[in-house]
Amino acid sequence: MEAEKEKVCEGAEYAFITDIRITLEYLHEAYQMEGDLIKSGKNIYATMIYPFIRMIKEQCSIMELCEEELHKELWRTYETEEDNVKFVDAAWRFLESRQREAV
């Protein structure tokens, strides 16, 4: 019985990680499409970027960062890692480090 519970938890953790990575992939696409708006100073709340930032914030429980601060960090990552896979990996490492700091 105990082994079954561990399998369920492991599966849930895997799904959680996958969900965040998928959300990061969508955020990468949004940055590609609306990057010019961001560079021109457009408020993220008026773009397709905001819903993904909000989802990531909620999924990761990063309470000390507001959406704008989280966006700035992820945007910096996007500017240095424009490749989708590299961006997702770098953003994931950033989010992981912020979660460890919060604990």
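What counts and how
- Residues numbered from 1 in each chain as written.
- Predicted model: local features only at pLDDT ≥ 70, side-chain atom pairs only at ≥ 80, totals over all residues.
- Heavy atoms only, no water.
- Helix = DSSP H or I, 4+ residues; strand = E, 2+ residues; numbered from the N terminus.
- Contact = heavy atoms within 4.5 Å.
- Areas by Shrake-Rupley, 256 points an atom, 1.4 Å probe, with all protein chains shown as cover.
- Expected span 1.5 Å × (residues − 1).
- Buried < 20%, exposed > 50% of the residue type's maximum accessible area, 1.4 Å probe, protein only.
- Arc of directions from axis to C-beta.
- Axes fitted to C-alpha atoms, helices over the stretch in contact; angles between N-to-C directions.
- Parallel < 35°, antiparallel > 145°, perpendicular 65-115°, else oblique.
- Phe/Tyr/Trp six-rings, centres within 6.5 Å; stacked < 30°, edge-to-face > 60°.
- pLDDT = per-residue confidence, 0-100.
- Core = buried A, V, L, I, M, F, W, Y, C linked by side-chain atoms within 4.5 Å.

## Remarks on the overall build of the chain
1) Next: Within the chain one finds four helices and zero strands.
2) Next: Taking the contacts inside the chain whose residues are at least 6 apart along the sequence as the reference set, 59% of them involve residues at least 24 apart.
3) Next: If you sum the accessible surface of the chain, you get close to 6800 Å²; carbon and sulfur atoms cover 52% of it.

## Quick word on helix 3 (residues 67–80)
1) Next: A rise of 1.5 Å per residue sets the reference length of helix 3, with its 14 residues, at 20 Å; its end C-alpha atoms lie 20 Å apart and thus fit the reference within 8%.
2) Next: Turning to helix 3, its buried residues number three or more, namely E67, L70, H71, L74, W75, T77 and Y78. Seen along its axis, helix 3 keeps its buried residues to an arc of 160 degrees; they face one direction.

## Considering the packing of helix 2 (residues 49–60) against helix 3
1) Next: At their nearest, the axes of helix 2 and helix 3 sit 10 Å apart, and the two run at 100 degrees to each other. Here helix 2 lies roughly perpendicular to helix 3, going by the angle between them. Seen from helix 2, the contacting residues are I49, Y50, I53, R54, I56 and K57; seen from helix 3, they are E67, L70, H71 and L74.

## So, the packing of aromatic side chains
1) Next: Overall, the coordinates contain seven aromatic pairs when judged by the stated rule.
2) Next: Aromatic pair Y31 and Y78: ring centres 5.3 Å apart, planes at 45 degrees, arrangement tilted. Taken together, the residues Y31 in helix 1 (residues 2–39) and Y78 in helix 3 connect sequence positions 47 residues apart.
3) Next: Residue classification places Y31 among the buried positions, given a relative accessible area of 0%.
4) Next: By relative accessible area, which is 8% here, Y78 ends up buried.
5) Next: Both rings, one in Y31 and one in F87, keep their centres 6.2 Å apart while their planes meet at 80 degrees; by these two values the pair is edge-to-face. In this pair, Y31 is assigned in helix 1 and F87 in helix 4 (residues 84–102), connecting sequence segments 56 residues apart. Neither residue differs from the other here; Y31 and F87 are each classed as buried.
6) Next: Here the aromatic cluster, defined as three or more aromatic residues joined through ring pairs, consists of Y31, W75, Y78 and F87.

## Things to note about the confidence of the model for the chain
1) Next: The predicted model of the chain has a mean per-residue pLDDT of 82, with 78% of residues at 70 or higher.
2) Next: Predicted confidence in the chain is weakest over helix 1, with a mean pLDDT of 73, and strongest over helix 3, with 95.
3) Next: Overall, residues 1–11 carries pLDDT values under 50, and its contacts beyond four positions in sequence, including any with other chains, amount to zero contacts.

## Focus on the nonpolar core
1) Next: Formed by 25 residues in total, the largest nonpolar core has its most connected members in L24, L27, Y31, I56, L70, L74 and L95.
2) Next: If you list the elements that add at least two residues to this core, you get helix 1, helix 2, helix 3 and helix 4.
3) Next: Those residues within four positions of L70 in sequence are excluded, and the remaining contacts are I53, I56, K57, L65, F94 and L95.

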